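For reference, the chains in residue letters:
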Amino acid sequence: MDDDVDHDLLAFIREAMGFTTTTKKGPRETGVLESAQYIFDNSIDVALDRDSVVQAAESIYTSIQQKSYSTQTWSEHELHPNAKNEDTLNFIFTMDVLNFSFWSEKSEDTRFSVVYKGKKYTGYWSLIALMNRALDEGIPITCPFFVSDPDLCPDSLLAHVFRSDSEEQIPLLQDRINCLRESGMILCERYDGSFANCIREANQSASELIMRVADDFPCFRDEFKFEGRNVNFYKRAQILIADIWACFNSTSYGSFHDISSVTMFADYRVPVILHTMGCMMYAPKLEAHICARKPIPSGHPWELQLRGTSIWCVELIRREIEKNHPGSGINAILIDFYLYDTAKGMEERGDDMIPTHRTRSIWY
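Quick notes on the rules
- Residues numbered from 1 in each chain as written.
- Predicted model: local features only at pLDDT ≥ 70, side-chain atom pairs only at ≥ 80, totals over all residues.
- Heavy atoms only, no water.
- Helix = DSSP H or I, 4+ residues; strand = E, 2+ residues; numbered from the N terminus.
- Expected span 1.5 Å × (residues − 1).
- Buried < 20%, exposed > 50% of the residue type's maximum accessible area, 1.4 Å probe, protein only.
- Contact = heavy atoms within 4.5 Å.
- Phe/Tyr/Trp six-rings, centres within 6.5 Å; stacked < 30°, edge-to-face > 60°.
- Polar contact = N/O pair within 3.5 Å; in protein donor to acceptor, adjacent residues only side chain to side chain.
- Core = buried A, V, L, I, M, F, W, Y, C linked by side-chain atoms within 4.5 Å.
- Pairing = 2+ DSSP bridges.
- Disulfide = S-S within 2.5 Å.

(A) A look at unusual backbone geometry. For Ser250, which is not glycine, the phi torsion reads 65° and is therefore positive. Within the secondary structure, Ser250 sits in the loop between helix H12 (235-247) and helix H13 (270-276).

Here it is in structure tokens:
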């Protein structure tokens, strides 16, 4: 039996179900931006302030220029790999398979953390730290042939890889193990164990690569229904492509002719900074719920409005920057990277911000 995915058939099914609009020729569109606009247009609990969006656009543009924020910034982070080779590509793929749900109710002292080379890391950076720690220990965590084989790599070994250096254990441990094994198995079966082969089949199209990742790897298939329509976010699929683009500085594996098709990555941190900047406004009931740190289930209308509106907000910021500073080259990815780093820094300083919304899922 042939287990290969029929991408043309899947594209037809997606179009028939309203997930995305496809064309006869060329790479497929992801439909993420269209989904975001639909959610924003039909949102009753999250809104945007136009004047604040305009002000934010100019502020973000100025800051990005002053800090020389670019794809080079990605590799400047101390834990990100510097080599530009296939090993790094597999590192990034593994990283984004596992890149979800790091928020914690614990204090900074007790929340899940990893101490690597004498420094303590939390959140996203704890994941990168533990991956580097595992590789230093001789555990080939980025090798799909290894992680997909429970005999070579039992759950107990993966639990050791994900071990905490604090009181709290990593959230969703079993989900991470399942995602790692499933993605490794699919990568071995369909792409000979190398994500480079998946990239080659996409013909340097970011949107086509996002759709292939969403088609082939279920843990990247970030799709929901909102107000009678199917919507998609593909957060981790998009950030996977963005990380590759940034790491390789838009060359080699990171060369995509349509990188501008990638949107902001709808998560739980960027809405916080957009709210702090006055761009996003919440209905009183939703704001009170978030401030009380009460959970919001994955797929709940509140959650979808938060995610969809944040994507649309960043798109409006991008358009405003392009209108006022044509040719700046600032796309949604760079805006997202900048906003994420800014929000993380404000959080670490203890600046006054609304809490992140509490949705625990593998999607972000």
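(B) Seen up close, helix H6 (residues 124-136). When the terminal C-alpha atoms of H6 are compared, their 19 Å separation across 13 residues agrees well with the 18 Å that a helix rising 1.5 Å per residue should span. Across the 13 residues that make up H6, a large majority, 11, are buried. For H6, the complete set of buried residues consists of Tyr124, Trp125, Ser126, Leu127, Ile128, Ala129, Leu130, Met131, Asn132, Arg133 and Ala134. The secondary structure elements touched by the buried residues of H6 are helix H5 (86-97), strand S2 (114-116), strand S3 (119-121), helix H8 (155-161) and helix H16 (332-349). In the stretch just after H6, Gly138 is the one whose phi turns positive, near 85°.

(C) Seen up close, the packing of aromatic side chains. By the definition in use, this model includes 12 aromatic pairs. Ring plane angle 85° and centroid distance 6.5 Å describe the contact between Tyr38 and Phe226, whose orientation is recorded as edge-to-face. Of the two residues, Tyr38 sits in helix H2 (residues 32-41) while Phe226 sits in strand S4 (residues 223-226), which places them 188 residues apart along the sequence. The same class applies to Tyr38 as to Phe226, namely buried. With a centroid separation of 6.3 Å and 80° between ring planes, the pair formed by Phe217 and Phe220 is classed as edge-to-face. A relative accessible area of 1% places Phe217 in the buried class. For Phe220, a relative accessible area of 1% puts it in the buried group.

(D) How the structure looks around the side chain of Thr30. Here Thr30 is to be found in the loop between helix H1 (7-17) and H2. For Thr30, the side chain forms a polar contact with the main-chain nitrogen of Val32, separated by 3.2 Å.

(E) Region of interest: the nonpolar core. Counting residues in each nonpolar core, the largest one holds 125 residues, and the members touching the most others are Phe195, Ile244 and Ile317. Contacts of Phe195, omitting those with residues within four sequence positions, involve Leu89, Asn90, Phe93, Leu187, Leu209, Val213, Leu240 and Ile244.

(F) Quick peek at the pairing of strand S5 (residues 229-232). Where S4 lies against S5, 4 bridges are found, and the strand directions are antiparallel. When the sheet's bridge partners are listed, Lys225 is paired in S5 with Asn230. Remark: 2 residues form the turn of the hairpin made by S4 and S5, two consecutive strands paired antiparallel; Glu227 in that turn has positive phi of roughly 50°.

(G) Examining the state of the cysteines more closely. Counted under the stated rule, the structure contains 0 disulfides. Free of any disulfide, Cys198 has its nearest neighbouring cysteine sulfur in Cys219, separated by 13 Å. Unpaired in terms of disulfides, Cys247 finds its nearest cysteine sulfur in Cys198, a separation of 17 Å.

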